[in-house]
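Reading the structure
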Amino acid sequence: MATNSIQAPYASEIVSVFDIDKPEILNTLFRAKGDQGLELFQIIQTMGFKYPTAQVEYSHFEENWKHETFQVASTTTAPGGPGQFLEIRLAASSLDAQNNFYPRKGDQVMFPDRTIAVITAITGAGSANVDVTMVPVDNTITLSAADGLTLIINSGAFSEGSTQPLGAFTGTSKYTNNTQIIKETMTATGTEMTNQKWFDKLDNGKGIPAYYIKGQQDTEYRMALKVNGALLFSQRSNNTANLTDPDTGRAIRTTEGLIPFITRTGHQKFYAGGSFSVQNFNDAVKTLDKEFAPNYICALNGIDLDIEIEDALVDYFKDTNINYAQSGMAKSLLGGNEGLAASVGFRYLMKGQRTFGFKRMGVFSHDKLYGAPGYNTAGLGVLIPMSKVKDKKTMMEVPTFGMRYKKLGKYDRMMEVWNVNGAGVGTKVIADDLHNFFLRCDIGFHGAAGNQMLLWDRS
């Protein structure tokens with residue numbers, strides 16, 4: 001039997017072995033990583049839309065261009081010389097799946113050098129070989145067209161007493177996406193639930209009556225981070241043959257997030273790291289102009305790109321009327337609520353007759369996510385139009401991006417939180433000495449007018 005008393009003074013090196021000193025530890029748990037990046041989720045909560053869906057697949061239709069160009073299949077020159085006809089074959093890109101095309105007899109065509117011609121005949125309709133005959137209006141001009149040349153139809157020209165042209169039709173594009181089931185869990189034993197910890201509050205002043213309560217907060221954060229990740233980067237699954245749950249035998253469905261949506265439907269522009277310039281920004285503005293994008297643009301940037309933009313446009317930021325820009329965006333998009341506009345944390349810039357709201361995306365450089373070694377997401381940037389479009393069903397003006405969640409009747413799967421306990425206060429429903437904290441949601445990203453969105457990517 002070991003002795004319980006020894007010959008020794010009460011000195012610190014002896015007493016500390018018994019761990020009975022009150023530790024000199026602040027009773028505050030510091031959040032060294034801050035909020036750890038939930039920006040898109042927060043922006044959607046503030047400026048996007050949230051709609052329920054009764055199906056796991058949801059869609060909308062978008063209007064296509066009402067007017068079209070056409071392309072030349074191969075290089076050709078008018079065989080008769082000046083003033084004579086030119087016959088070109090339509091490129092495959094100018095035909096749809098049923099070999100329909102847009103040019104019509106009587107269309108006036110303008111070449112890139114502003115030469116004007118009129119379509120006098122079209123043959124081969126219904127086949128993959130459609131030939132268009134054009135005649136110049138200037139008898140000194142010899143028409144010629146290179147392989148792949150794009151031609152525009154700028155007007156129409158008809159003879160006196162002629163009949164009407166064939167009708168034209170504008171189709172629609174269908175957007176379809178899925179909801180994605182996301183889950184998180186925290187489990188604590190009954191014993192741990194009654195173990196007291198030294199720290200009892202966070203550095204924001206919120207209390208931690210027990211460490212497992214802090215664990216629940218962490219679980220909620222992980223859940224929000226997964227939702228944020230799905231809304232940003234998830235790709236819609238088409239691998240139904242192999243992406244299945246071995247336990248249930250059912251397919252695992254995933255949503256298409258913002259970044260893949262823009263890559264598929266919008267514009268992707270590359271820039272060399274360390275050399276972003278005013279010209280890069282001007283090119284983006286020109287693209288937005290070509291797509292008839294609205295005046296207010298949300299710019300979500302990783303820190304590397306954000307700093308480069310700040311350096312490249314430093315003089316423009318100096319000249320920006322911040323109060324006017326914030327007031328204008330609040331009035332146009334947020335019902336005049338300037339406090340809500342300020343809470344988003346935009347840094348404003350007015351250029352190219354548009355107002356840009358810049359927001360640094362901390363999650364793009366998150367050490368345990370997109371900022372991990374080998375990822376270049378800190379150089380990523382997204383331009384999103386902050387316009388509103390009319391929903392054909394509700395006739396309400398809604399933003400061009402948001403999220404969908406499963407709901408039918410009173411059952412709402414936007415975010416479900418529940419406990420299943422065999423430990424802790426309250427009724428026990430399982431035999432295990434455990435407290436289970438469960439979270440589940442069934443949500444998806446929903447984007448519209450992707451052609452007006454732009455992705456900056458570092459090459």
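Up top is the structure these notes are about.
Residues numbered from 1 in each chain as written. Predicted model: local features only at pLDDT ≥ 70, side-chain atom pairs only at ≥ 80, totals over all residues. Heavy atoms only, no water.

Looking now at the pattern of salt bridges. One pass over the full model with this rule turns up 10 salt bridges. The salt bridge involving Glu416 is made with Arg440; its shortest N-O contact spans 3.0 Å. Highlighted residues: Glu416 in strand β24 (residues 416-421) and Arg440 in strand β25 (residues 434-447), separated in sequence by 24 residues. Taken together, the salt bridges that share partners define one network made up of Arg253, Arg413, Glu416, Arg440 and Asp442. (Salt bridge = Lys/Arg side-chain N within 4 Å of Asp/Glu carboxyl O. Helix = DSSP H or I, 4+ residues; strand = E, 2+ residues; numbered from the N terminus.)

Our next topic: the layout of surface pockets. Put simply, the second largest pocket is a space of about 860 Å³. When grouped by side-chain class, the residues that make up the lining of the second largest pocket number 14 nonpolar, 15 polar and 5 charged. (1 Å grid on protein atoms, 1.4 Å probe; cavity = no way out; pocket = protein on both sides within 12 Å on 5 of 7 lines; lining within 4 Å. Points joined across faces, edges and corners; volume = space filled by probe spheres on them. Nonpolar A, V, L, I, M, F, W, Y, C, P; charged D, E, K, R; others polar.)

Buried residues dominate strand β26 (residues 454-458), accounting for 5 of its 5 residues. A two-sided burial pattern is seen for β26, the buried positions comprising Leu454, Trp456 and Arg458 on one face and Leu455 and Asp457 on the other. Relative to β26, strand β19 (residues 381-385) runs antiparallel, the two being bridged by 3 bridges. Bridge pairing links Val382 to Leu455 in β26. (Buried < 20%, exposed > 50% of the residue type's maximum accessible area, 1.4 Å probe, protein only. Pairing = 2+ DSSP bridges.)

So, on to the nonpolar core. By size, the foremost hydrophobic cluster in this structure holds 44 residues, and its most contacted members are Leu258, Val382, Ile384 and Ile443. If you list the elements that add at least two residues to this core, you get α2 (39-47), β13 (180-189), α4 (211-233), α5 (258-265), β16 (296-301), β19, β22 (401-408) and β25. Among the elements that line this core, the one with the most residues is α4, at 7 residues. Once residues lying within four places of it in the same chain are set aside, the contact partners of Val382 are Leu258, Ile259, Ile262, Cys298, Ala299, Leu300, Asn301, Leu454 and Leu455. (Core = buried A, V, L, I, M, F, W, Y, C linked by side-chain atoms within 4.5 Å. Contact = heavy atoms within 4.5 Å.)

A separate point is the side chain of Asp306. Within the fold, Asp306 resides in helix α7 (residues 303-312). A distance of 2.9 Å separates the side chain of Asp306 from the side chain of Arg360, its partner in a polar contact. Beyond its immediate stretch of four places on either side in the chain, Asp306 contacts Asn301, Arg347 and Arg360. (Polar contact = N/O pair within 3.5 Å; in protein donor to acceptor, adjacent residues only side chain to side chain.)

This next bit is on α7. Listed as buried for α7 are Leu305, Asp306, Glu308 and Ile309. Burial along α7 is one-sided: seen end-on, the buried residues are contained in an arc of 165 degrees. (Arc of directions from axis to C-beta.)

So, about the sheet that holds strand β18 (residues 354-360). Read across the sheet, 6 strands follow the order β15-β26-β19-β16-β18-β17 without closing on themselves; strand pairing throughout is mixed. The open sheet is flanked by β15 (267-271) and β17 (347-351), the only strands paired with a single partner. Neighbouring strand axes in the sheet, compared pairwise and without regard to direction, differ in orientation by 20 degrees on average. Relative to β18, β16 is paired through 6 bridges, and the arrangement is parallel. Each residue of the ladder has a partner; that of Cys298, found in β18, is Gly357. (Axes fitted to C-alpha atoms, helices over the stretch in contact; angles between N-to-C directions.)

Moving on to unusual backbone geometry. The backbone of Asn99 shows a phi angle near 65 degrees, a positive value even though the residue is not glycine. Within the secondary structure, Asn99 is located in the loop between β6 (86-89) and β7 (107-110). Backbone geometry at Ala449 places phi at a positive 55 degrees, although glycine is not the residue there. Among the structural elements, Ala449 can be located in the loop between β25 and β26.

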